[in-house]
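# Structural description and commentary
Spelled out from the first residue to the last, the chains are:
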Amino acid sequence: MILGLSVAAFTQLHVLISLVGIAAGLVFLAGLLAGRWLGLWNQIFLVFTILTSVTGFFFHSKMIGPPHVVGVISLVDLAVALVALYGFRRAGLWRPVYTITAVVALYLNVFVLIVQLFQKVAFLNAFAPTGSEPPFAIAQGLALIAFAVAGYVAVRRPVGPV
């Protein structure tokens, strides 16, 4: 049991929270790339991305591993994003800081999604059963490149005030 839910039910809740965060983040990022600030999508993205990282720590584990490291990195990144957005209202240098930290948070969620897809989806797992094969590396590399380019473009594109 985790928070009164069976492990299976909690896992489903965690996955749903993650997918909502990713979907909202992609909509928000598309807005940034178009030069538009989508405030509601941004808020949904932030809340669900924070919840994704927090709920990930509730899974039972005997030792600290890569999921914990990614979760900590994500939460630190999101803390900086919240300071840039709400503390400094994205003024001056804090505008690119917010954009970069938001894109990094979204990328980390997509990174974990790719890991989970290759582990849990039989079709993909057949191509990379250990997660160290070229198809897995290519998928992760393409995601990294896509988010790096999107982040660069989003930082350079002027977006109105919050």
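These notes cover the structure that comes with them. From a predicted model like this one, the values you see are computed outputs, not experimental measurements.

### Looking at the packing of aromatic side chains
Following the criterion strictly, the structure yields 11 aromatic pairs and no others. Summarising the aromatic geometry, the rings of F10 and F58 are spaced 6.2 Å apart at their centres and angled 65 degrees between planes, so their arrangement reads as edge-to-face. With F10 in helix α1 (residues 7-33) and F58 in the loop between α2 (39-56) and α3 (66-87), this pair connects stretches of sequence that are 48 residues apart. Given the relative accessible area of 36%, F58 is considered partly exposed. Ring centres of Y107 and F111 lie 6.1 Å apart, and the angle between their planes is 50 degrees; on these two criteria the pair is classed as tilted. With Y107 and F111 both in helix α4 (residues 94-120) and four residues apart, the pair spans about one turn of that helix. The buried category is assigned to Y107, whose relative accessible area is 15%. Put simply, the rings of F28, W37, F45 and Y98 touch in pairs and so form one group of aromatic residues.

### Brief notes about the side chain of T55
Within the secondary structure, T55 sits in helix α2. Residue T55 is classed as buried on the basis of its relative accessible area of 9%. A polar contact of 3.2 Å, which involves the side chain of T55, links it to the backbone oxygen of T52. Once residues lying within four places of it in the same chain are set aside, the contact partners of T55 are F10, H14 and I17.

### Concerning the side chain of T101
Relative to the helices and strands, T101 is located in helix α4. Look at T101 and you get buried, because its relative accessible area is 8%. Within the structure, T101 has its side chain in polar contact with the backbone oxygen of V97 (distance 2.9 Å). Look past the residues within four positions of T101 in its chain and what remains in contact with it is D77, V80 and A81.

### Let's talk about the layout of surface pockets
To find leftover empty space, one rolls a probe the size of a water molecule over the atoms. If you add up the space inside the largest pocket, you get close to 950 Å³. Lining the largest pocket are 29 residues, with H14, F59, P67, V112 and Q116 sitting closest to its centre. Contributing elements (two or more residues each) for the lining of the largest pocket: α1, α2, α3 and α4. With nine residues, α4 is the single largest residue contributor to the lining of the largest pocket. Of the residues assigned to the lining of the largest pocket, the class counts are 14 nonpolar, 14 polar and one charged.

Rules and cut-offs
Residues numbered from 1 in each chain as written. Predicted model: local features only at pLDDT ≥ 70, side-chain atom pairs only at ≥ 80, totals over all residues. Heavy atoms only, no water. Phe/Tyr/Trp six-rings, centres within 6.5 Å; stacked < 30°, edge-to-face > 60°. Helix = DSSP H or I, 4+ residues; strand = E, 2+ residues; numbered from the N terminus. Buried < 20%, exposed > 50% of the residue type's maximum accessible area, 1.4 Å probe, protein only. Polar contact = N/O pair within 3.5 Å; in protein donor to acceptor, adjacent residues only side chain to side chain. Contact = heavy atoms within 4.5 Å. 1 Å grid on protein atoms, 1.4 Å probe; cavity = no way out; pocket = protein on both sides within 12 Å on 5 of 7 lines; lining within 4 Å. Points joined across faces, edges and corners; volume = space filled by probe spheres on them. Nonpolar A, V, L, I, M, F, W, Y, C, P; charged D, E, K, R; others polar.

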